[in-house]
Amino acid sequence: HPVSSPKVEVPSEAGQKELFRKGSLKSDFQDSPPLNGSSQRLPQTIIIGVRKGGTRALLEMLSLHPGIAAAESEVHYFDWEDHYGNGLEWYLSQMPFSFPHQLTVEKTPAYFTSSKVPERVYNMNQSIRLLLILRDPSERVLSDYTQVFYNHVQKHKPYPSIEEFLIKDGELNVEYKAINRSLYYFHMQNWLRYFPLNHIHIVDGDQLIRDPFPEIEKVERFLKLSPQINASNFYFNKTKGFYCLRDSGRDRCLHESKGRAHPQVDPKLLNKLHEYFHEPNKKFFELVGRTFDWH
Ligand SMILES: Nc1ncnc2c1ncn2[C@@H]1O[C@H](COP(=O)(O)OS(=O)(=O)O)[C@@H](OP(=O)(O)O)[C@H]1O
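Per an unreviewed UniProt entry, the chain is named Sulfotransferase, and its organism is Monodelphis domestica. The annotation that UniProt attaches to the chain under Catalytic activity (unreviewed entry) is "alpha-D-glucosaminyl-[heparan sulfate](n) + 3'-phosphoadenylyl sulfate = 3-sulfo-alpha-D-glucosaminyl-[heparan sulfate](n) + adenosine 3',5'-bisphosphate + H(+)". Of the chain, the UniProt comment under Subcellular location (unreviewed entry) reads exactly: "Golgi apparatus lumen".

Here you go:
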């Protein structure tokens with residue numbers, strides 16, 4: 001049986017305020033005092049996860065649209081008790097200033113795997129549109145490990161090898177939290193108790209890496225935004241090895257903490273991981289009526 005998520009998760013972007021290289025028109029604008037006619041609004045859409053799925057890339061790409069006003073940092077309202085206890089007024093105060101024609105969006109990747117969150121979001125707004133970006137579950141485990149590994153490196157703390165997390169008594173350690181977070185069907189069931197499937201748009205995170213524009217077009221349609229983001233807003237940066245953004249003639253890539261190399265894992269162990277996810281993935285495909293190209 002899957003273990004439950006911890007109460008407080010390590011914020012995946014802790015201390016990473018500057019996620020994009022400075023200089024975009026948009027962030028200059030957001031740093032300025034609010035303009036006449038703008039106000040703070042509760043989000044009409046939330047990127048609920050998954051951690052390491054590509055949530056930052058999705059938020060930044062969506063922000064290319066003039067009809068989107070995005071909260072810059074992760075708000076952690078619905079999953080952190082001390083934040084939730086502050087009430088909706090506090091949540092509102094965390095939102096960017098926006099104009100009436102704009103949709104406000106925030107992203108907190110930990111929402112997807114926190115069992116209390118779906119009901120809390122429902123209590124705020126039962127017709128909210130949710131965005132969920134998923135990625136190959138095994139790759140997500142490696143990415144999750146890599147995130148926590150670098151958090152330790154930054155603090156000059158040692159951190160065990162990935163094998164030490166993945167193996168217990170010679171078997172795959174299915175109690176490893178990173179594995180639990182990749183059991184998408186398990187967490188999705190919680191959300192579907194409160195929201196109909198057609199209110200949750202799933203972005204294919206592997207596709208968003210390979211070719212972002214078509215995935216972003218689908219999000220525009222889901223949010224009923226006019227088609228304003230173009231293929232020319234994206235270009236492949238060979239040095240980074242990922243797509244970067246081009247906005248009003250300015251080029252920017254995601255922070256260097258996005259798109260890191262993952263550890264080499266013994267192919268036999270990796271295979272065990274792939275096999276382990278086979279059934280849960282099948283259950284997930286049945287749950288959402290759609291398949292993904294995962295291992
Ligand atoms: N265009 C572009 N540039 C850089 N990185 C990209 C991009 N699109 C998707 N990704 C993938 O996003 C992964 C990080 O996911 P998140 O932003 O959801 O991580 S976090 O949970 O907020 O920490 C990150 O994971 P890692 O590869 O493990 O670093 C990337 O694979």
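This next bit is on the packing of helix 6 (residues 137-154) against helix 12 (residues 267-288). Viewed as axis vectors pointing N to C, helix 6 and helix 12 meet at an angle of 125°, and their least axial separation amounts to 9 Å. In terms of axis orientation, helix 6 runs oblique to helix 12. In this structure, helix 6 uses P137, S138, V141 and L142 to contact helix 12, whose residues at the interface are L270, L273, H274, F277 and N281. Of the residues that constitute the contact of helix 6 with helix 12, the class distribution is six nonpolar, three polar and no charged.

It is worth spelling out the pattern of salt bridges at this point. Two side chains carrying opposite charge are able to pair once their charged atoms lie near each other. In total, this model carries twelve salt bridges according to the counting rule given. Here D251 makes a salt bridge to R246, at a shortest N to O gap of 2.8 Å. Accessibility expressed as a relative area gives 43% for D251, which makes it partly exposed. A salt bridge links D247 to R252; the nearest nitrogen and oxygen atoms lie 3.4 Å apart.

Let us now look at the packing of aromatic side chains. Any pair of aromatic rings gets described here by the distance separating the centres and the angle formed by the planes. Evaluation of the coordinates by the stated rule reveals 27 aromatic pairs. Ring geometry for Y122 against F195: centres 6.0 Å apart, planes inclined by 70°, an arrangement best described as edge-to-face. With a gap of 73 residues between them, Y122 in helix 5 (residues 117-124) and F195 in the loop between helix 9 (184-192) and strand 9 (200-204) connect regions that are remote in the sequence. Take Y122: its relative accessible area is 28%, and that puts it in the partly exposed class. When its relative accessible area of 1% is taken as the criterion, F195 is described as buried. Pairing F284 with F292 gives two aromatic rings, centres 6.3 Å apart and planes at 45°, and the pair type is tilted. Each member of the pair, F284 together with F292, is buried. A network of ring pairs unites the aromatic residues Y77, F78, Y84, W90, Y91 and Y111 as a single cluster.

With that out of the way, let us pick up the UniProt feature "active site" (unreviewed entry) in the chain. The residues that UniProt annotates with the feature "active site" (unreviewed entry) are K52. Here K52 shows up in the loop between strand 2 (45-49) and helix 2 (55-62). Setting aside anything within four residues of it in sequence, one finds K52 in contact with R135, R140, S143, D144, Q147, K258 and R260.

Conventions and cut-offs
- Residues numbered from 1 in each chain as written.
- Predicted model: local features only at pLDDT ≥ 70, side-chain atom pairs only at ≥ 80, totals over all residues.
- Heavy atoms only, no water.
- UniProt positions renumbered as here; feature names shortened; annotations may be inferred.
- Axes fitted to C-alpha atoms, helices over the stretch in contact; angles between N-to-C directions.
- Helix = DSSP H or I, 4+ residues; strand = E, 2+ residues; numbered from the N terminus.
- Parallel < 35°, antiparallel > 145°, perpendicular 65-115°, else oblique.
- Contact = heavy atoms within 4.5 Å.
- Nonpolar A, V, L, I, M, F, W, Y, C, P; charged D, E, K, R; others polar.
- Salt bridge = Lys/Arg side-chain N within 4 Å of Asp/Glu carboxyl O.
- Buried < 20%, exposed > 50% of the residue type's maximum accessible area, 1.4 Å probe, protein only.
- Phe/Tyr/Trp six-rings, centres within 6.5 Å; stacked < 30°, edge-to-face > 60°.

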